[in-house]
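Topology and contacts: notes
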Amino acid sequence: MEIGYFTMPSHPPECGLKEGHDWDLQVMRWLDELGYQEAWVGEHHTAPWEPNPTPDLLIAQALMQTKRLRIGPGGFLLPYHHPAELANRVAMLDHLSEGRLNFGVAASGLPSDWAMFNVDGMSGQNRDMTREALEIILKLWSDPAPFTYKGKFWTVTKPDTMFDFLKPHIKPLQAPHPPIGVAGLSKNSDTLKLAGERGFIPMSLNLNPAYVGSHWDSVEIGAAKTGRKPNRADWRLVREVFVADTDEEAWKLSTGDMMGRMMHEYFLPLLGHFGFKDYLKHAPDVPDSDVTVEYCAKRNWIVGSPATVAEKIEKIYDEVGGFGVLLVFGFDYKHKAEAWHHSLSLLRNEVMPRLKHLGSAQKAA
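Everything numeric here is computed off the predicted structure, so don't read it as measured data.

A word on the pairing of strand S7 (residues 155-158). Covered by surrounding structure in S7 are Val156 and Lys158 only, the residues Thr155 and Thr157 on the alternate face being uncovered. Sheet topology places strand S6 (residues 147-150) next to S7; 4 bridges connect them, and they run antiparallel. Each residue of the ladder has a partner; that of threonine 148, found in S7, is threonine 157.

Looking now at the packing of helix H6 (residues 190-198) against helix H8 (residues 215-225). In contact at an axis separation of 6 Å, H6 and H8 are set at 45° when each is read in the N-to-C sense. Relative to H8, the element H6 is oriented oblique. In this structure, H6 crosses over H8, and the sense of that crossing is right-handed. Across the interface between the two elements, Leu192, Lys193, Gly196 and Glu197 of H6 pack against His215, Ser218, Val219, Ile221, Gly222, Ala223 and Lys225 of H8. In terms of residue class, the contact of H6 with H8 is built from 4 nonpolar, 4 polar and 3 charged.

Let's shift gears to unusual backbone geometry. Backbone torsion omega between methionine 8 and proline 9 reads -20°, so that peptide bond is classified as cis. Following the sequence through the fold, proline 9 ends up in the loop between strand S1 (2-7) and helix H1 (17-34). Its identity is not glycine, yet glutamate 98 carries a phi of approximately 55°, on the positive side. Backbone geometry at serine 108 places phi at a positive 80°, although glycine is not the residue there. Topologically, serine 108 is positioned in the loop between strand S5 (103-106) and helix H4 (111-117).

Turning next to helix H3 (residues 83-97). The end-to-end C-alpha separation of H3 is 21 Å, in line with the 21 Å expected for 15 residues at 1.5 Å each. Of the residues making up H3, those classed as buried are Pro83, Leu86, Ala87, Val90, Ala91, Leu93, Asp94 and Ser97. What you see down the axis of H3 is that its buried residues fit within an arc of 160°, all on one side. Contacts from the buried residues of H3 go to helix H2 (55-64), strand S4 (76-77), S5, helix H5 (125-142) and S7. Phi turns positive one or two residues past the end of H3, at glutamate 98, with a value near 55°.

What counts and how
- Residues numbered from 1 in each chain as written.
- Predicted model: local features only at pLDDT ≥ 70, side-chain atom pairs only at ≥ 80, totals over all residues.
- Heavy atoms only, no water.
- Buried < 20%, exposed > 50% of the residue type's maximum accessible area, 1.4 Å probe, protein only.
- Helix = DSSP H or I, 4+ residues; strand = E, 2+ residues; numbered from the N terminus.
- Pairing = 2+ DSSP bridges.
- Axes fitted to C-alpha atoms, helices over the stretch in contact; angles between N-to-C directions.
- Parallel < 35°, antiparallel > 145°, perpendicular 65-115°, else oblique.
- Left-handed = near helix turned anticlockwise from the far one by under 90°.
- Contact = heavy atoms within 4.5 Å.
- Nonpolar A, V, L, I, M, F, W, Y, C, P; charged D, E, K, R; others polar.
- Expected span 1.5 Å × (residues − 1).
- Arc of directions from axis to C-beta.

Encoded structure:
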């Protein structure tokens, strides 16, 4: 099993945009120094608790300040980008990364973002646009011949050479393209079926482990359509993680600090508005009112001493049937930077050595 990082990025609304950006850069440097495998950066346009409409600006800077860490959007919201422009931008970013870029894509799930860009998310238009945009991007990267793609949402032309030397020429450094990741939330997720269908990296967001177990079914359903055999080692699980020297300290630093505040002020109310609190429950008969920060910390979060955290990760691993990469959900702890760095360090140096057998067990299976 490997470890990585998934950041929305999350910052409290009073945090300045550059101040939050600088914190995210600092964390990326730490991840690189500590030997984390990868980091994914989200895109949102209308959420003050998720203030980053341009993940590639953070990624470009982070790539210059790290040496080994793979970094990518997690993901670009495809309905809001012209596919030809994004194809060129991602290809350029891949060259700047010297082959360390991951390319995460998503359909967008915030109604306020849908409204800003006039996308009818209620009818699933955002998912249709995502599929079409990705198809165009991959065609631009792979098809050497000129073509015109007339889709439902975009018409894109790859022109032949003009005036002897003008022609499309920008392609990714990684062949045939950077690894593509897609994040899924809902049960029977269409996005995760797409991951299985196309051999993309499936990422399950931070929900109840028992619920997330159903996500692999979606990957397998998609894979069956194209005769693929999906590998659980490719599956990423995003979890809230806080490791401290003792269970008591970890509880205080998580529920009693920024993790608890973000969940209480933003994430739980947001899921409540969408009717998604079921995704956090260990049993369907649990009332919504019981799904509090403390409930999530006890049932879903991975907080505690290194021994406790190792035990919780192994339990989740067994519950879902195995996965390849644990992605730590990013929070803004610039006010207690040492505690966040210590948590990341303990996870890498104290917890992961206790879990080496999980990877070998998965390989044998």
